[in-house]
Each structure stands twice: as C-alpha cells, then as structure tokens.
Amino acid sequence: MVVASIFWSSGGFLVRQLSITEAWEIVFWRSVFMVLFVVGVLVAMHGRRMPRAVRAVGWPGLASGTFLACTFFFFIASLTRTTVANTFVLMSVSPFLAALAARLFLHETVPTRTWVAMAVAFGGMVVMFADSLDAGRISGNLLAVGVSCLFAANVTVLRRVHARVDMLPTVMIAGLMSIALALPLAAPFEATAADLAVLALMGSVQLGAGCLLMVAASRSLTATELGLLALLEPILGPIW
C-alpha cells in the first residue's frame, strides 16, 4: 500500500510533462493504457483462465470497479470546481469514513492509536494547505468528499470478498468504465507522441500498478489502514 501511494503521488509531476491540458483526454488515454497494462498482468497470472477470473468477481467486483472508476471522475471534476487545497484536505477524511464503514459492515475494530494517527494526518493536511484553503464552490467540495466516500465503499467491498475471490480484475473493470465515460468528453484528441509516452507511463505505473497494489493490499490490511496509508499520496506529491 505504501508503494501504491508512491506510484499515485507521481501523477501531478507526470501531468506537468504533458502538452495537453484537457482533463478528460488525459483521463481517457490514461485509462486506455491502464486497461492494456492490467489485461497483460491478468493474462500473465491466469493465462487462458483470465476470462473466468474476471467473471468470478461477480456483482461485488462490478460494484468495486464502479466505485473506483467514479473516484477518477470525481477527483478531476473536483479539481475543476474548487481549489487543489480544498480537494486534498477534504479527501483526507477518507480514513475516517473507511473506519466507520468497516465498523458498520465488516465489524473491524479500530485501535485508539489508529484514530490518533488519522487525526494527526488530517491535521497535517490542513497545515500543509492552510495558506490556500478557502470556501470554494460547494459542488467541488462535495465532489472531493464524494471521492472519500467512494474510496471507503470500495475498500469495504474489497475487504468483504477478497478472502474468497481474486479482486484484481476490478481494476480492469474500472478502466473500461472510465474509457466509456471519458470518450465523449475527450474529443478532439490533441495528444502528441511524447504525450502518449507519458500517458502510457501514467496508465501502467502511476494508476494501473498503483491500483493493483492497493487491491492486493486489501487482502491483508484493514479498511482503515488502507485509507490512512493512502494519505501518503498528497503528502508525497509536492516532493515529486
């Protein structure tokens, strides 16, 4: 999960290497390369049984993929409607929401030290972005909170069924949904060959490998731990 957050945190740096600025075209190409990467991983793992592994995730996998795909779009939509600071600070409530969801639906207990760690992490996020926080547009702020809600829902589903089913195909499902939703908004396509090289890196490593590692980590970590470690992404982003 730590490595997943490191991969995710490189997104801002990689976006700065692009000549295109249209968010939906970036989402589209990133999702295309993510799907190609994840399909390659699944074929390497399952061979000819890959379609059976995809079908095995069933309705929980479809729900998880939907939640994950929606986080991609909610995040982009939030950034276009409120400040980056507001988005990241409001997204940092995800560990708290994951803890509550895990408590209600999975009966996972949260140690006191974890509550303290989450509170300190949230306070750190506020301090990091205090100078640029403002009221923002309510729609953008709500979308940022929506990212946290969707993250909590996703990790709860993963924790619920991951012991019985390999849920890695849910990342491919999320990518396919993102492609279908972004395609009408991405035209006209203006990405250059250099842009496509960067987008391929984003899709395969920054997003694809990051999401696969997060799903794999959900087999061993609690929902609260997943949410807490995910906060490394906005903390490491400025370092890139």
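A quick note: this is a predicted structure, and the numbers were derived from the prediction, not measured. (Residues numbered from 1 in each chain as written. Predicted model: local features only at pLDDT ≥ 70, side-chain atom pairs only at ≥ 80, totals over all residues. Heavy atoms only, no water.)

Asker: Please provide a residue-by-residue account of the overall build of the protein chain, values included.
Answerer: Helix and strand counts for the protein chain come out as 13 helices and zero strands. Each helix and strand of the protein chain, placed in order from N terminus to C terminus, yields the pattern α-α-α-α-α-α-α-α-α-α-α-α-α. Computed over the C-alpha atoms, the radius of gyration of the protein chain is 17 Å, within 12% of the 18 Å expected from 2.2 N^0.38 for a compact globule of 240 residues. Taking the principal axes of the C-alpha coordinates as reference, the protein chain spans close to 45 × 45 × 30 Å. Buried residues in the protein chain amount to 48% of all 240 residues. Of all intrachain contacts in the protein chain linking residues separated by at least 6 positions in sequence, the fraction that spans at least 24 positions is 90%. Only carbon and sulfur atoms are counted for the fraction: they give 70% of the accessible area of the protein chain, which is about 11300 Å². (Helix = DSSP H or I, 4+ residues; strand = E, 2+ residues; numbered from the N terminus. Rg over C-alpha atoms; globule rule 2.2 N^0.38 Å. Buried < 20%, exposed > 50% of the residue type's maximum accessible area, 1.4 Å probe, protein only. Contact = heavy atoms within 4.5 Å. Areas by Shrake-Rupley, 256 points an atom, 1.4 Å probe, with all protein chains shown as cover.)

Asker: If you had to explain the nonpolar core to someone new, which residues and values would you point to?
Answerer: Judged by nonpolar contacts, the single largest core of 46 residues is most densely connected at Met1, Phe72 and Val171. When residues in this core are grouped by element, the largest group, nine residues, is from helix H3 (residues 23-46). When residues no more than four places from it in sequence are discounted, the contact partners of Phe72 are Arg30, Met34, Ala174, Ser178, Leu207 and Cys211. The next biggest cluster of nonpolar side chains, apart from the first, holds seven residues, and it includes Leu14, Leu18, Ile26 and Val198. (Core = buried A, V, L, I, M, F, W, Y, C linked by side-chain atoms within 4.5 Å.)

Asker: If you had to explain unusual backbone geometry to someone new, which residues and values would you point to?
Answerer: Most peptide bonds are trans, and most residues other than glycine sit at a negative phi. Geometrically, the link from Ala187 to Pro188 is a cis peptide bond, its omega value of -5 degrees lying close to zero. With respect to the secondary-structure elements, Pro188 resides in the loop between helix H10 (169-186) and helix H11 (193-217). Phi angles above zero are rare outside glycine, and His107 is one such case at about 60 degrees. Checked against the element boundaries, His107 lands in the loop between helix H7 (94-106) and helix H8 (112-129). Residue His107 is classed as exposed on the basis of its relative accessible area, which comes to 63%.

Asker: Any chance you could break down the packing of aromatic side chains for me, citing the residues and the numbers?
Answerer: The tally for this structure, following the rule as stated, stands at nine aromatic pairs. Both rings, one in Phe28 and one in Phe189, keep their centres 5.2 Å apart while their planes meet at 45 degrees; by these two values the pair is tilted. Of the two residues, Phe28 sits in helix H3 while Phe189 sits in the loop between H10 and H11, which places them 161 residues apart along the sequence. Residue classification places Phe28 among the buried residues on the basis of a relative accessible area of 9%. For Phe189, a relative accessible area of 39% puts it in the partly exposed group. When the centroid spacing of 6.1 Å and the interplanar angle of 50 degrees are considered together, the rings of Phe75 and Phe88 count as tilted. Placement of the pair is Phe75 in helix H5 (residues 58-79) and Phe88 in helix H6 (residues 84-91), with a sequence separation of 13 residues. Since its relative accessible area comes to 22%, Phe75 is described here as partly exposed. Through a chain of ring-to-ring contacts, three or more aromatic side chains come together here, namely Phe28, Trp29, Phe33 and Phe189. Directly above the aromatic system of Phe72 lies the positively charged group of Arg30, at a separation of 5.7 Å from the ring centroid. (Phe/Tyr/Trp six-rings, centres within 6.5 Å; stacked < 30°, edge-to-face > 60°. Lys NZ or Arg CZ within 6 Å of the ring centre and 35° of its normal.)

Asker: Would you mind going over a nonpolar patch on the surface in detail, with residue names and values included?
Answerer: On the surface, Val2, Ile6, Phe13 and Trp240 cluster together into a nonpolar patch covering about 360 Å² of accessible area. Positionally, Trp240 belongs in the segment after helix H13 (232-236). For Trp240, a relative accessible area of 48% puts it in the partly exposed group. (Patch = residues over 30% accessible without salt bridge, like charges linked within 9 Å, V, L, I, M, F, W, Y side chains within 5 Å. Salt bridge = Lys/Arg side-chain N within 4 Å of Asp/Glu carboxyl O.)

Asker: Describe the environment of Ser139, listing the residues and the values that go with them.
Answerer: Relative to the assigned elements, Ser139 resides in helix H9 (residues 138-161). Between the C-alpha atoms of Ser139 and Thr82, which are 57 residues apart in sequence, the distance is 7.9 Å.

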